[in-house]
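Chain residues, written in single-letter form:
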Amino acid sequence: MGIRGLQGFVERVCPDVCTPVDLREMAEKHRTSHPSFPPVIVVDAMSCVKYWYTAESWVCGGQWREYLVSLDNFIKAFMAAGIKLVFYFDGVVEKKKRDEWIKRRMKNNEEIARIFQFIKTHRKQPGREMFTAISALPTFTRYALKLLGQETVCTLQEADFEVATYGLQHNCIGILGQDSDYLIYNTCPYFSIEKLHLDRLVTVMYSREALCHALGLSLTHLPLFACLLGNDVVPENLLEGFWQKCLIISRHKNNRYSRRANILLAVADYISKVPCSYSSLKHLEEMLPLGSDKTLLYRGVESYLLPGQQSPWVPPNVTNCQISLQQQTAVCQDKEIFQLAKEQHIQSENYTVFNILSNGEMDCSNSLEDECDTEIPGQALIYRPARQHVYSVLLESGKGGTYPLVKEWFVYFGNPLQQPELIQPVEPPVPGGTPDLKTLWFAKGPDVEKQRYGTFLACFHLQDSLEELQALEVPVAAFCCLLTYLMMQVSSLSLEDLNAFVALILCLKGKSAAQLASLQLAQVDSRAVQLGAVFVRGLTTLLMANSACGFPFRMNDLMPWEAFDGKLFQVKYQQSHQGCSVEELLESNESLYAPFQNLKTFICNACMAKKRTIQSRPRGNGFITGTQQRPFNPRSQQTHKSSSIPPYHNQTREFLSGNPQPQGKK
């Protein structure tokens, strides 16, 4: 995420670094000088998603069809100028950046708590200044861009390194993003997504050369400059004493500037006097309080060296070699499986599978979850049993031998993220046993297709419903799979919740992005916000299981624009809990009445088979109304009787009070 304060510093203190540019003109100049090569901009997608998401509503779980239109318009604007885009997404969190990742996740938790407090107080969405990324937005953006025909890459290292490398090696006209690390890498020009005017294709280019001129440095100094200011490798808290020393001796202090701006100037002034050599770097490492790891500064500088580049700060012939080491250290030692997983990962075709097979690790960022709602467990806990089955499919732990544990870094209330949770794979209840991975991934024929589908369903304990689900339209079948699993796992979900979800999938089918955009919400319900986030995270669990089981579904059929819309879900949720009739819930569309009852019956029967009660619990205008129930529809409000509750409802407090490791069979 770059160097804190550097972006603002260049805009306020060094305005000459910021040059307005017309991307159409730059593309035309490129065509003139390189007629055989089309102009290409490489896009750091992770720093762009919040600018691409322009829909008015963002707390309700996502306006996914509107988002698709926004992405399509973005692409078309560049296509009209003859500019090709290549999109890069972070595919890993590197160990050296885990501490910084945790720090950001904890800060995001605080921001999300404030969002829920606002919603509960004002019954509406906060302003855009409180915007936080929608659950799984980067994940589904990858697939949206692929659907729209774009070249999309999921990285094997942190994205900024691979973006800078691609830009340099492919003679790109620039990098589009919002990350000050691109001012440090010696690569192609860096363009601002924040300053981009899409209608005119004009933005701001940040000039490294102008930055060096303003600071009295050379391009060679920039990696050391970044490290001595603190970045994802060198923590800021180790540098405070060094900064103070620089401030005391600096010639460039200015009382009109912030302390951070003066620190940047002072550090630049200090290193401008340091000879560019490895011995100088070693001297700095000895001087700084780096604790037991005296190589932090060296590793930080090295991280900015792109392939083929050298620096006087590090010994000659040093290159970044971690990618080449992955196969030797991988959890999966089958070369054929590993190679296919790697290729699919890079091409954004699978989801999380390569991370598990390569290093036995998985992480998940924040979701819009209300830490005060004790009835709904965190999505990390809700979907953990399904993930345990997927881990088993991938690692084939049911075939004897050791059970490799999977390290999970999942954000949820009560998890301090001080260490990964060690999760035991659990074999899914596939009749006849789980097929091996080579069968699921490489074999062909109708029998194998059935095995893939059956293994996928078993990850969600729906292996007995194969024929009924196969008879449904594909997106609806996937939706039913997810919703049935949710109803089994979360005992506080009610018939009203079920009605809202089923009405959503049926009414969404015929609606355009424009129709959905025109929906107006009188109020926003905080519980429905959380349910929307939980459902969307569930779709990523479907993607993961689908990838592991050899793609029984097309990935495009598991996308949120096929099954979810945040505002429409709010409408259906509030209608259902306020006791609207089925006719009103289904917008008086008689053709939906039978499918509504059929889908409900399927889900309720599947829950009954697992001894799960789905009770009617209308919450009225956002509050639990106790036994006061308005009539809804006798057929849809009957209770489906059973005797037991799903596991994770009662376990929520266990996870809040401790850190159970490892998590194994129940």
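Before any of the text, the structure's been laid out above.
What you see is a predicted model, and the numbers here were worked out from it, not measured in a lab. (Residues numbered from 1 in each chain as written. Predicted model: local features only at pLDDT ≥ 70, side-chain atom pairs only at ≥ 80, totals over all residues. Heavy atoms only, no water.)

**Considering the side chain of Ser494**
Working step 1: With respect to the secondary-structure elements, Ser494 resides in the loop between α22 (474-489) and α23 (495-508).
Working step 2: Aside from chain neighbours lying at most four places away, what touches Ser494 is Met487, His577, Ile614, Gln615 and Arg617. (Helix = DSSP H or I, 4+ residues; strand = E, 2+ residues; numbered from the N terminus. Contact = heavy atoms within 4.5 Å.)

**With respect to the sheet that holds strand β10 (residues 421-423)**
Working step 1: Strand order across the open sheet formed by three strands is β8-β9-β10, with mixed pairing between neighbours. Where the open sheet ends on each side, the last strands, each with one partner, are β8 (361-364) and β10. Going from strand to strand, the sheet's axes swing by 30 degrees on average, the running direction of each strand aside.
Working step 2: Sheet topology places β8 next to strand β9 (residues 406-410); four bridges connect them, and they run parallel. Bridge assignment links Met362 to a residue of β9, and that residue is Glu408.
Working step 3: Each of β8 and β9 touches helix α5 (residues 98-122); the most contacted strand, β8, lies at about 30 degrees to it.
Working step 4: Against the sheet, helix α18 (residues 384-395) makes contact with β8, β9 and β10, and its axis sits at roughly 145 degrees relative to β9, the strand it touches most. (Pairing = 2+ DSSP bridges. Axes fitted to C-alpha atoms, helices over the stretch in contact; angles between N-to-C directions.)

**Thoughts on the nonpolar core**
Working step 1: Core analysis: the biggest nonpolar cluster contains 148 residues, and Ile41, Trp52, Phe78, Leu394 and Phe460 have the highest contact counts within it.
Working step 2: Element by element, the count of residues in this core is highest for helix α25 (residues 526-548), at 13 residues.
Working step 3: Apart from the residues lying within four places of it in its own chain, the contact partners of Ile41 are Leu23, Phe78, Ile83, Lys84, Leu85, Val86, Ile173, Gly174, Ile175, Leu176 and Phe191.
Working step 4: In terms of nonpolar packing, the next biggest core, distinct from the first, is built from 69 residues, Leu6, Leu183, Leu290 and Trp313 among them. (Core = buried A, V, L, I, M, F, W, Y, C linked by side-chain atoms within 4.5 Å. Buried < 20%, exposed > 50% of the residue type's maximum accessible area, 1.4 Å probe, protein only.)

**With respect to the environment of Asp179**
Working step 1: Looking at the element boundaries, Asp179 is found in the loop between β5 (174-177) and β6 (190-192).
Working step 2: Sequence separation of Asp179 and Met106 is 73 residues, and the distance between their C-alpha atoms is 20 Å.
Working step 3: Among the polar contacts listed, one links the side chain of Asp179 to the backbone nitrogen of Gly2, at a separation of 3.1 Å.
Working step 4: Reaching out from Asp179, the side chain makes a polar contact with the backbone nitrogen of Asp181 at a distance of 3.0 Å. (Polar contact = N/O pair within 3.5 Å; in protein donor to acceptor, adjacent residues only side chain to side chain.)

**Comments concerning the sheet that holds strand β3 (residues 84-89)**
Working step 1: If you trace the seven strands from one edge of the open sheet to the other, you get β1-β7-β6-β5-β2-β3-β4, paired in mixed fashion. On the outer flanks of this sheet lie β1 (18-22) and β4 (151-154), each paired with one strand and no other. Each neighbouring strand pair of the sheet contributes to a mean axis angle of 30 degrees, computed without reference to strand direction.
Working step 2: In this sheet, β4 lies alongside β3 in parallel orientation, the contact comprising four bridges. Across the sheet, Val86 pairs through a bridge with Glu151, a residue of β4.

**Details of the pairing of β3**
Working step 1: Buried residues dominate β3, accounting for five of its six residues.
Working step 2: As judged from the five bridges shared by strand β2 (residues 40-44) and β3, these two strands associate in the parallel manner. Considered in β3, the bridge of Ile41 is made with Leu85.

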